[in-house]
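The chain contents come next:
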Amino acid sequence: MMSSKIGPIILGAVLTLILLNACQRQAVPRADMPLLTDTSLSKGALLSVSCNNCHAKTGLGIPNYSNHSAKRIKKYLTFYKTDTNGTSVMHRMARGLSDEEIALIAGYLEASK
Amino acid sequence: MMDWGRRNTLTGLATFPLTFTVSQKISAQSVMANIVIIGGGFGGASAAMFLKKISPDLNITLVEPKTSYYACPFSNLLIDGKREITNQKFSYEGLKSRGVNVIHLRAIDVDPVKKTVTLSESQTLSYDKLIISPGIAFQTNAIDGYGELAQKSMPHAWAGGQDIVRLVRRLKNINDGSTVVISVPQAPYRCPPGPYERASLIASYLKQNKPKSKLIILDGKENFSKQALFERAWAELYPNIIEWRSASNDGRVVSVDASKNQVITDFETLNVGLANIIPPQKAGHIAEVAGLVDITGWCPINPVDFSSTLQNDIYVIGDATIAAPMPKSAFSAAVHAKICAIQILRNLKGLEPQPTILSNTCYSFIAPERAVSITGVYSNSGKAIQSVPGAGGTTPLTATVLEKTAEAYQANIWFQSMTHNAFGSI
């Protein structure tokens, strides 16, 4: 019982530390043009070029993933990939991605926040 | 005019260092590069915006003669009357404010050996890498009689701009009981489902305003994108209004007579109230001038980085490319643009091109507030772009009205995101 309550707290703390660490490794962003540098030419960047065609940071209705962690993005994409009954655009897209590609996209989107 | 405009030759245009401040994983060396982009549509504007975003110090010049861009996607919604042409209009100020040099002149020649672009008014730009996003040109001589006069009275409204306004005005002026014709070219052409979206919205208008009228689609093909979804919608929403004729069922338009308002197929002369003639297409003119076009009239590219297979250091993106099975769409053009941008920077840094997964999503309105969609997922790891098996597809035929309304909402977000990424506006 104890561990089930503490578990999420520890997980949250670890994720926060990972995120803070990731943020510190990023260059200082300029206004609305973040300097992505080392990740911007990566395979993760290439795999992610379609995403903001619909998920641009315009504050509109389709979920804006810019505050999502890599873990959360990976969870969603994996759900879409494996939910065989789904018919949405995201289901159709995610079925074309390998688990490794999903992980790279999730990592890139988190790093490029 | 700025200083550069008065100079006859810009071959000395400064080269800027491309500095990667935190690049431990790739390389810490800076590179020098001038990148020139010809064409300010979804492909060219997205490429300029994206390059500036990932490498703010890079020197980017966008050559586009027009000072405003009128988007094709969503333009069919003007037929309904609730959408205005101003909703289609985008300026280049967003790109300029982010540091892109936007030159509103026409590119009239490219010298791939000297690596220069000649502009109207005889200026010359030098480049290290040239991205051409030329869009489409029309093979107007493929249809007898479709000269300048006919292009005005039977507008294709297929190249953006304000032609759609002229088409809508003509539609509103037809008499009830008229025949409206849409002629669709053989593939490949820009926006494969576009003519059928237009047909749906014209039928919606006719049903409400000119109920005795009918719409005939004369098609140069035997089948079309999202066909089952469109045909279901037409049967449910516009019964007895739309007639679709395939190429083998006398759908091929041979000629038009604008003075008599006639559209002529192999076996029939149709007297029309309005004709929307969409001619066969090829790559935009500058691609031909630059020697980027093959016998098909389109531009062959290396799928991994969109470099031309015919010229060095020139990349072609968007509708002009041979990128099938990816359709010629704004979404595809934006994907080409961003992949090409990353690969150019990788090349400048001495890194090998990196294959990836590409995708496309297009929404089509079947009624003013209902849409259906098609998605494709592709790989560029082989010699040509290929569909990824088991992925992609369309809205299911069983989709409810609520789901189609939700897709119309998603389409709106798509449009706003796409235009934001290209032009910096919301």
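No experiment lies behind these values; they were computed from the predicted model shown.

### Let's talk about the sheet that holds strand β16 (residues 262-265) of chain B
All names here are of chain B.
- Spatial ordering of the open sheet is given by β15-β16-β17, a layout of three strands whose pairing is antiparallel. Both edges of this open sheet fall to β15 (253-257) and β17 (269-271), since each of them pairs with a single strand only. On average, each strand axis in the sheet is inclined to that of its neighbour by 20°, with strand direction left out of account.
- Relative to β17, β16 runs antiparallel, the two sharing three bridges. The residue bridging Val263 from the neighbouring strand is Leu270, located in β17.

### A word on the pairing of strand β21 (residues 357-367) of chain B
- Within β21 of chain B, 11 of the 11 residues are buried, which leaves the element mostly enclosed by the surrounding structure.
- Hairpin connection from β21 of chain B to strand β22 (residues 370-379) of chain B: two residues lie between these consecutive antiparallel strands.

### Concerning the state of the cysteines
- Counting across every chain of the model gives zero disulfides over all chains.
- Lacking any disulfide linkage, Cys54 of chain A is separated from the closest cysteine sulfur, that of Cys51 of chain A, by 9.4 Å.
- By relative accessible area, which is 11% here, Cys54 of chain A ends up buried.
- Here Cys191 of chain B stays free of any disulfide, with the sulfur of Cys362 of chain B as its closest cysteine sulfur at 6.0 Å.
- The partly exposed category is assigned to Cys191 of chain B, whose relative accessible area is 29%.

### Focus: the packing of aromatic side chains
All names here are of chain B.
- Evaluation of the coordinates by the stated rule reveals 15 aromatic pairs over all chains.
- Grouping aromatic residues by their ring pairs yields a cluster made of Phe42, Tyr69, Phe74, Phe90, Tyr92, Phe365, Phe415 and Phe423.
- Sitting above the plane of the Phe415 ring, Arg83 keeps its charged end 5.0 Å from the centroid.
- Directly above the ring of Trp298 sits Lys328, whose terminal nitrogen or CZ lies 4.0 Å from the centroid.

### What about the packing of helix α5 (residues 163-173) of chain B against helix α6 (residues 194-209) of chain B?
Residues and elements named next belong to chain B.
- Where α5 contacts α6, the axes come no closer than 11 Å and their chain directions differ by 35°. Seen from above, α5 lies across α6 with right-handed handedness. Between α5 and α6, the contacting residues are Ile164, Leu167, Leu171 and Lys172 on the first element and Arg198, Ile202, Tyr205 and Leu206 on the second.
- Residue classes in the contact of α5 with α6 are distributed as six nonpolar, no polar and two charged.

Cut-offs and rules
Residues numbered from 1 in each chain as written. Chains lettered and ligands numbered in written order. Predicted model: local features only at pLDDT ≥ 70, side-chain atom pairs only at ≥ 80, totals over all residues. Heavy atoms only, no water. Pairing = 2+ DSSP bridges. Helix = DSSP H or I, 4+ residues; strand = E, 2+ residues; numbered from the N terminus. Axes fitted to C-alpha atoms, helices over the stretch in contact; angles between N-to-C directions. Buried < 20%, exposed > 50% of the residue type's maximum accessible area, 1.4 Å probe, protein only. Disulfide = S-S within 2.5 Å. Phe/Tyr/Trp six-rings, centres within 6.5 Å; stacked < 30°, edge-to-face > 60°. Lys NZ or Arg CZ within 6 Å of the ring centre and 35° of its normal. Left-handed = near helix turned anticlockwise from the far one by under 90°. Contact = heavy atoms within 4.5 Å. Nonpolar A, V, L, I, M, F, W, Y, C, P; charged D, E, K, R; others polar.

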